[in-house]
Amino acid sequence: MAILNILRYPDPRLRRIAEPVTEVDGAVRTLIDSMAETMYRAPGIGLAAIQVDVCRRVIVVDVSEHRDALQAFINPRIVEQDGLQVMEEGCLSVPGIFEPVERARRILVRAVDRDGHEFEREADGLLAVCIAHEIDHLDGKVFVDYLSRLKQNRIRKKLEKQEKLAM
Ligand code: NI
């Protein structure tokens, strides 16, 4: 396990489309463990492999209060969704920015677990938002894409400035 470096928006590597996992092997399980450690350390409630520069379809989430309900999804996809909700979202790749985004209120996700078994999970509220946000990452999408052009430009400038100051 290791703490992995998290890419920051507007890093173009966040725009790649992640590749499906064809075999859940030790490398995938180690990736999940390292992603979980990185997410908890950050701290955050979700992380996609693309954010740690691994171009594979793997996400981890934990929206529990006590941070003891880790869920890992390999090759996740939303097979059903309904309703709408607006929640303030943030992202470990877009530090310090929180903006409201509209997403489905309830989703049904199909994925593979760390033992290679297919499963389905229904989620609503914050968990639904978190899973949908992370699946977006696997398709090269970041939550700021849902905001107005003006807001996107402001966020980009702000983060590029921070990046320069940090160097
Ligand atoms: Ni994110």
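Because the structure is predicted, anything quoted here is derived from the model rather than measured.

Caption draft 1: Structural detail: the coordination of the nickel ion. With distances of 2.1 to 2.2 Å, the protein atoms coordinating the nickel ion are Cys91 (SG), His133 (NE2) and His137 (NE2). Between consecutive donor residues of the nickel ion, the sequence gaps follow C-x41-H-x3-H. A residue pair is termed long-range when its members are at least 10 positions apart, and Cys91 in the loop between strand E4 (85-89) and strand E5 (99-103) and His137 in helix H2 (residues 125-138) qualify at 46 residues. Judged on exposure class, the residue Cys91 and its partner His137 are both buried.

Caption draft 2: Expanded view of the environment of Gly125. Looking at the secondary structure, you find Gly125 in helix H2. Taking C-alpha positions, Gly125 is 25 Å from Leu14, a pair spaced 111 residues apart along the chain. Discounting chain neighbours no more than four positions away, the residues touching Gly125 are Gln85, Met87 and Arg105.

Caption draft 3: The pairing of strand E6 (residues 106-112), seen in detail. Counted residue by residue, E6 has 6 buried out of 7 residues, so it is predominantly covered. In the sheet, strand E3 (residues 71-82) pairs with E6 via 6 bridges, with the strands oriented antiparallel. The residue of E6 that forms the bridge with Asp82 is Arg106. Bridge analysis of E6 against strand E7 (residues 118-124) gives 7 bridges, and the strand direction is antiparallel.

Caption draft 4: Expanded view of the sheet that holds E7. Strand order across the open sheet formed by 5 strands is E1-E2-E3-E6-E7, with antiparallel pairing between neighbours. Both outer strands of the open sheet, strand E1 (46-48) and E7, are each paired with one neighbouring strand and no more. With direction set aside, neighbouring strand axes in the sheet form an average angle of 40 degrees. Relative to strand E2 (residues 58-61), E1 runs antiparallel, the two being bridged by 3 bridges. By the bridge assignment for E2, Ala48 is matched with Ile59. In the packing of helix H1 (residues 26-41) onto the sheet, the strands contacted are E1, E2 and E3, and the crossing angle to E2 comes to about 40 degrees. Set on the sheet, H2 makes contact with E1, E2, E3, E6 and E7; between it and E2 the angle comes to about 155 degrees.

About the thresholds
- Residues numbered from 1 in each chain as written.
- Predicted model: local features only at pLDDT ≥ 70, side-chain atom pairs only at ≥ 80, totals over all residues.
- Heavy atoms only, no water.
- Donors = N, O, S within 2.8 Å, 3.2 Å for Na, K, Ca; no water.
- Helix = DSSP H or I, 4+ residues; strand = E, 2+ residues; numbered from the N terminus.
- Buried < 20%, exposed > 50% of the residue type's maximum accessible area, 1.4 Å probe, protein only.
- Contact = heavy atoms within 4.5 Å.
- Pairing = 2+ DSSP bridges.
- Axes fitted to C-alpha atoms, helices over the stretch in contact; angles between N-to-C directions.

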